[in-house]
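Residues per chain, in single letters:
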Amino acid sequence: MISGPPVHPPVENLNEDDLEVIYWEVRGHDGCYRTVAALQHFFDLFPTNHPLRIRTADGEDFITDIDSRVILEFDLHRPLQIMHIAMGGGKSFSTGDQERMNQAVWGFERPGEEMVGIALDMASMQFGEKGRGKGGENFMLGTLDAFYNFVETVVAGGDPMKLGSKRIGPSPHDKWLKEVARRVRYRWTNRETGRWCDHCGKPLDAPKSCPCHEVFYCGSAHQKKAWRFHKKHCSKRKTN
Ligand SMILES: [Zn+2]
Ligand SMILES: [Zn+2]
């Protein structure tokens, strides 16, 4: 069944959660190749054998290296969510009204495995609330099987298009995406002096820390939202 545009309550009745979903729908709009490129530019700032730690909302936690990554591209048929975005100045965009769309995500191998076991879709919320990660994240990082199951709920069908390439691009967005990548690395390198909210990314003057002192929040609302994911990895409360 082809559904219409996502149905949101009237603007005056939107709560914070509705607004967040709409924000990510718009942000992720046709954005998967850009998110793949952004992470590629980030990885390019490190040596190829640099360790990479993967932690998922399922509680998986392992270290691989950044060279174990590959790009997985799919040809998806008939998206089930059609979305129209009206911007200022008469500009508007549509997603999902085409017969086919391409989707790109990152894949990672677990140590000692010769095949991709983990998928990262950083634009999964272009499909709305269904694209939210299992721990409430605004992206999906989990098993490849879970990613396939998700795809089945948002499109009528799909085929693998190109699996296993190491790089994509070049693209007209590279200049600003490289800026983004450098900014992320700068933040990470200087995290002792410049904290940010682990949920929304906002820079923090007065960080509110989890008792483990590994993550910080802009306030208790975002601490609460992030807990579903963080509880799987919090050193002060290890539950799986
Ligand atoms: Zn926040
Ligand atoms: Zn913690």
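Residues numbered from 1 in each chain as written. Chains lettered and ligands numbered in written order. Predicted model: local features only at pLDDT ≥ 70, side-chain atom pairs only at ≥ 80, totals over all residues. Heavy atoms only, no water.

Per an unreviewed UniProt entry, the chain goes by the name MYND-type domain-containing protein and belongs to Collybia nuda.

A. Region of interest: the overall build of the chain. Of regular secondary structure, the chain possesses 5 helices and 11 strands. Computed over its C-alpha atoms, the radius of gyration of the chain comes to 18 Å, within 12% of the 18 Å expected for a compact globule of 240 residues. Overall size of the chain, expressed as C-alpha extent along the three principal axes, is 50 × 45 × 40 Å. In the chain, which comprises 240 residues, the share counted as buried stands at 43%. (Helix = DSSP H or I, 4+ residues; strand = E, 2+ residues; numbered from the N terminus. Rg over C-alpha atoms; globule rule 2.2 N^0.38 Å. Buried < 20%, exposed > 50% of the residue type's maximum accessible area, 1.4 Å probe, protein only.)

B. Spotlight on the environment of serine 209. For serine 209, the position within the fold is in strand β10 (residues 208-209). Of the residues examined, serine 209 reaches a relative accessible area of 24% and is grouped as partly exposed. Residues serine 209 and aspartate 198, 11 residues apart in the sequence, show an inter-C-alpha distance of 9.9 Å. Among all residues touching serine 209, those that are not within four sequence positions of it are Val215, Phe216 and Gln223. Of the polar contacts made by the side chain of serine 209, one reaches the side chain of histidine 213; its length is 3.2 Å. (Contact = heavy atoms within 4.5 Å. Polar contact = N/O pair within 3.5 Å; in protein donor to acceptor, adjacent residues only side chain to side chain.)

C. Expanded view of the pairing of strand β3 (residues 69-79). Burial analysis of β3 places 10 of its 11 residues in the buried class, which makes it a mostly covered element. Pairing between β3 and strand β6 (residues 100-109): 9 bridges, direction antiparallel. Opposite histidine 77, over in β6, you have arginine 100 as the bridge partner. Looking at chain direction, β3 and strand β9 (residues 155-165) are connected through 8 bridges and run antiparallel. Paired with leucine 76 across the strands is glycine 158, a residue of β9. (Pairing = 2+ DSSP bridges.)

D. Focus on the domain arrangement of the chain. Entries for the chain in the domain assignment read domain 1 (11-165) and domain 2 (191-240). Summarising the inter-unit geometry, the C-alpha centres of domain 1 and domain 2 are found 23 Å apart. Listed as interface residues are 15 residues of domain 1 and, on the opposing side, 9 residues of domain 2. Here domain 1 packs against domain 2, burying approximately 980 Å² in sum over the two surfaces, 42% of which is carbon and sulfur. Run the count over domain 1 and domain 2 and you get 2 salt bridges. Among the salt bridges present, the one from lysine 225 reaches glutamate 20, with a minimum N-O distance of 3.8 Å. Counting the contacts that link domain 1 with domain 2 gives 4 residue pairs in polar contact (both at pLDDT 80 or more). Here the side of domain 1 that touches domain 2 is composed, by residue class, of 1 nonpolar, 5 polar and 9 charged. (Domains from an automatic or database assignment. Buried area = accessible area lost by both parts, 1.4 Å probe. Salt bridge = Lys/Arg side-chain N within 4 Å of Asp/Glu carboxyl O. Nonpolar A, V, L, I, M, F, W, Y, C, P; charged D, E, K, R; others polar.)

E. Geometry of the coordination of the zinc ion (ligand 1). Protein-derived coordination of the zinc ion (ligand 1) comes from Cys197 (SG), Cys200 (SG), Cys218 (SG) and His222 (ND1), at a distance range of 2.0 to 2.3 Å. Around the zinc ion (ligand 1), the 4 donor atoms sit at angles spanning 92 to 122 degrees, and that spread fits a shape best called tetrahedral. Among the residues examined, cysteine 218 registers a relative accessible area of 35% and is labelled partly exposed. (Donors = N, O, S within 2.8 Å, 3.2 Å for Na, K, Ca; no water. Tetrahedral: all angles 85-135°; square planar, octahedral: opposite > 155°, others 65-115°.)

F. Spatial organisation of the packing of aromatic side chains. Counted according to the given criterion, the structure contains 10 aromatic pairs. Both rings, one in phenylalanine 42 and one in phenylalanine 46, keep their centres 5.1 Å apart while their planes meet at 65 degrees; by these two values the pair is edge-to-face. Looking at phenylalanine 46, the relative accessible area reads 17%, which means it is buried. Taken together, a centroid distance of 5.8 Å and an interplanar angle of 90 degrees make the contact between phenylalanine 74 and tyrosine 148 edge-to-face. Here tyrosine 148 lies in helix α3 (residues 144-154) and phenylalanine 74 lies in strand β3, a separation of 74 residues in the sequence. Exposure remark for tyrosine 148: the relative accessible area of 32% places this residue in the partly exposed category. The structure contains a cluster of three or more aromatic residues connected by ring pairs, namely Phe74, Phe127, Phe147, Tyr148 and Phe150. In this structure, arginine 185 is placed above the aromatic ring of phenylalanine 46, and the distance from its NZ or CZ to the ring centre is 4.4 Å. Between the NZ or CZ atom of arginine 191 and the centre of the ring of tryptophan 188, over which it lies, the distance is 3.8 Å. (Phe/Tyr/Trp six-rings, centres within 6.5 Å; stacked < 30°, edge-to-face > 60°. Lys NZ or Arg CZ within 6 Å of the ring centre and 35° of its normal.)

G. Spotlight on the coordination of the zinc ion (ligand 2). Taken together, the protein ligands of the zinc ion (ligand 2) are Cys210 (SG), Cys212 (SG), His230 (NE2) and Cys234 (SG), with distances of 2.1 to 2.3 Å. Geometry at the zinc ion (ligand 2) is tetrahedral, judged from its 4 donor atoms and the angles of 105 to 116 degrees they form at the metal.

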